[in-house]
Amino acid sequence: MNVGSYESIFTCINEKQLTLIDFTDYANRLLNNGKKDLYQKPDLFISIFTQAERLLNPDVLNIDVSSFYQVYLENEQVFVQSIKSKRLPVIMKNILAQEKPKSLITEIINGLKSLSKKPVVISIDSPQKWLQEASKSVKGEGEISLSLDEIERASMYIAEFLRSFSTLNISAIVIKESENTIFTHDELLERYQPITNVAKHYKWSLGLQMDTCLNPTEIRKLVDFCLISSLTFPELTSLWEEGQAIGGGLDQRFWEGQIQTGTIPKTGLLFGKIPADAEPETVLSQIQNLRN
């Protein structure tokens, strides 16, 4: 497998089963009592991540960079107060310009790549979600109204941020979309063009992660792949037969052992997040079912 290209992974989906699992919250609860210091200590993050990775053995490693900034803001209240009065896109620009979390992420990715030859995927909140979260964590506001122009500006700041990882030989960028939106996916993705341009420039494939989607086939025309954990195994199989690069199937029901093991596909991309409070015995049993 060519670890430098996520597209090369999808060329194999008709031949083998491939798993992309978001397990950091689960591993942190299991191995670190749920403390957030792993987002401040690279050695601790790498230790917890690699211990869980050896147990779960996913085919692709997933690092959610947005979590590092959430914890950073919680611990840097002087900085938060200094940007509180600014407009949301400017707040976001200031947050992403902070070197400390960026350096932590870089050190962690370099450390993981020195220990594993598996492809590394960076997950990051969408521009829309970034602005929504910045409103909560910096301004203390709840529901907000955003314009498409604000979202496009936020996209520019994220694109510039992602350039920082151009030398790390990552395989793909996954945009984690917000549930709370008044815009259609095609409206949003048009404004995400700065991110698309950066991904193309560095030969990163670009994916969109959503909780649900009524028409994933249409979304796939706008990005290289989709990740929708709520899709059932039969739904995924049908989409794969159409040639769609879509992953899913490993939702909360799966990790709770509610899915019949006989329905698990033997080929295709399987994606999902292990709930932080999942039972370890059930998780390991389900991992074994995936491998059988």
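Because the structure is predicted, anything quoted here is derived from the model rather than measured. (Residues numbered from 1 in each chain as written. Predicted model: local features only at pLDDT ≥ 70, side-chain atom pairs only at ≥ 80, totals over all residues. Heavy atoms only, no water.)

**Q** Can you tell me about helix H13 (residues 233-241), naming the residues and giving the values?
**A** Within the sequence span of H13, burial applies to Phe233, Leu236, Leu239 and Trp240. Looking down the long axis of H13, one finds its buried residues gathered within 125° of arc, a one-sided arrangement. Opposite the packed face of H13, turned more than 90 degrees from it, sit the exposed residues Pro234 and Glu241. (Buried < 20%, exposed > 50% of the residue type's maximum accessible area, 1.4 Å probe, protein only. Helix = DSSP H or I, 4+ residues; strand = E, 2+ residues; numbered from the N terminus. Arc of directions from axis to C-beta.)

**Q** So what's going on with the pattern of salt bridges? Residues and values would help.
**A** By the definition in use, this model includes 12 salt bridges. For lysine 118, the salt bridge identified is with glutamate 53, shortest N-O distance 2.5 Å. Of this pair, lysine 118 sits in the loop between helix H7 (99-115) and strand E3 (120-125) while glutamate 53 sits in helix H3 (residues 42-56); the two residues are 65 residues apart in sequence, bridging distant segments of the chain. With a relative accessible area of 16%, lysine 118 lands in the buried category. Among the salt bridges present, the one from lysine 129 reaches aspartate 125, with a minimum N-O distance of 3.8 Å. Assessed through its relative accessible area of 21%, lysine 129 is described here as partly exposed. (Salt bridge = Lys/Arg side-chain N within 4 Å of Asp/Glu carboxyl O.)

**Q** Which residues make up the packing of helix H6 (residues 88-96) against helix H9 (residues 148-162), and what are the values?
**A** Contact pair H6 / H9: the axes reach a minimum separation of 9 Å and the direction vectors enclose 10°. Our classification of the angle between H6 and H9 gives roughly parallel. Of H9, the residues touching H6 (which contributes Pro89, Val90, Met92, Lys93 and Leu96) are Glu150, Arg153, Ala154, Tyr157, Ile158 and Phe161. Residue composition of the contact of H6 with H9, grouped by class: 8 nonpolar, no polar and 3 charged. (Axes fitted to C-alpha atoms, helices over the stretch in contact; angles between N-to-C directions. Parallel < 35°, antiparallel > 145°, perpendicular 65-115°, else oblique. Contact = heavy atoms within 4.5 Å. Nonpolar A, V, L, I, M, F, W, Y, C, P; charged D, E, K, R; others polar.)

**Q** How would you summarise the nonpolar core if you had to cite specific residues and measurements?
**A** Counting residues in hydrophobic clusters, the biggest one holds 85 residues, and the most contacted among them are Ile95, Leu162 and Ile274. In terms of residue count, the dominant contributor to this core is H9 (8 residues). With near-sequence residues (within four places) excluded, isoleucine 274 lies in contact with Ile21, Asp22, Phe23, Tyr26, Leu56, Trp255 and Val283. Among the nonpolar cores identified, the runner-up in size contains 11 residues, and Val60, Ala172, Val174 and Ala245 belong to it. (Core = buried A, V, L, I, M, F, W, Y, C linked by side-chain atoms within 4.5 Å.)

**Q** So what about the pairing of strand E5 (residues 205-209)? Which residues, and what values?
**A** Counting buried positions along E5 gives 5 out of 5 residues, so the element sits mostly inside the fold. On E5, burial covers both faces: Ser205, Gly207 and Gln209 on one face and Leu206 and Leu208 on the other are all buried. Here strand E4 (residues 172-176) pairs with E5 via 5 bridges, running parallel. Bridge pairing links lysine 176 to glutamine 209 in E5. Pairing analysis gives 3 bridges linking E5 to strand E6 (residues 225-227), with the strands arranged parallel. Within E6, the position partnered with leucine 208 by the bridge is cysteine 226. (Pairing = 2+ DSSP bridges.)

**Q** Account for a negative patch on the surface, naming residues and giving values.
**A** The grouping of Glu256, Asp277, Glu279 and Glu281 at the surface amounts to a negative patch. Within the fold, glutamate 281 resides in helix H15 (residues 280-291). The exposure class assigned to glutamate 281 is exposed, which follows from its relative accessible area of 59%. (Patch = residues over 30% accessible without salt bridge, like charges linked within 9 Å, V, L, I, M, F, W, Y side chains within 5 Å. Areas by Shrake-Rupley, 256 points an atom, 1.4 Å probe, with all protein chains shown as cover. Lys, Arg positive; Asp, Glu negative; His and termini not counted. Charge placed at Lys NZ, Arg CZ, Asp CG, Glu CD.)

**Q** Can you break down unusual backbone geometry residue by residue, with the values?
**A** The phi angle at asparagine 33 is positive, at roughly 55°, despite the residue not being glycine. Among the secondary structure elements, asparagine 33 is positioned in the loop between helix H2 (24-32) and H3. Here the phi dihedral of asparagine 169 falls at roughly 60°; this positive angle occurs in a residue that is not glycine. With respect to the element layout, asparagine 169 can be found in the loop between H9 and E4. Note on asparagine 169: relative accessible area 41%, which makes it partly exposed.

**Q** Which residues make up the side chain of lysine 113, and what are the values?
**A** Within the element layout of this structure, lysine 113 appears in helix H7. Salt bridges are absent for the buried lysine 113, whose nearest opposite-charge side chain, glutamate 53, sits at 12 Å. When residues no more than four places from it in sequence are discounted, the contact partners of lysine 113 are Lys118, Val120, Leu168 and Asn169.

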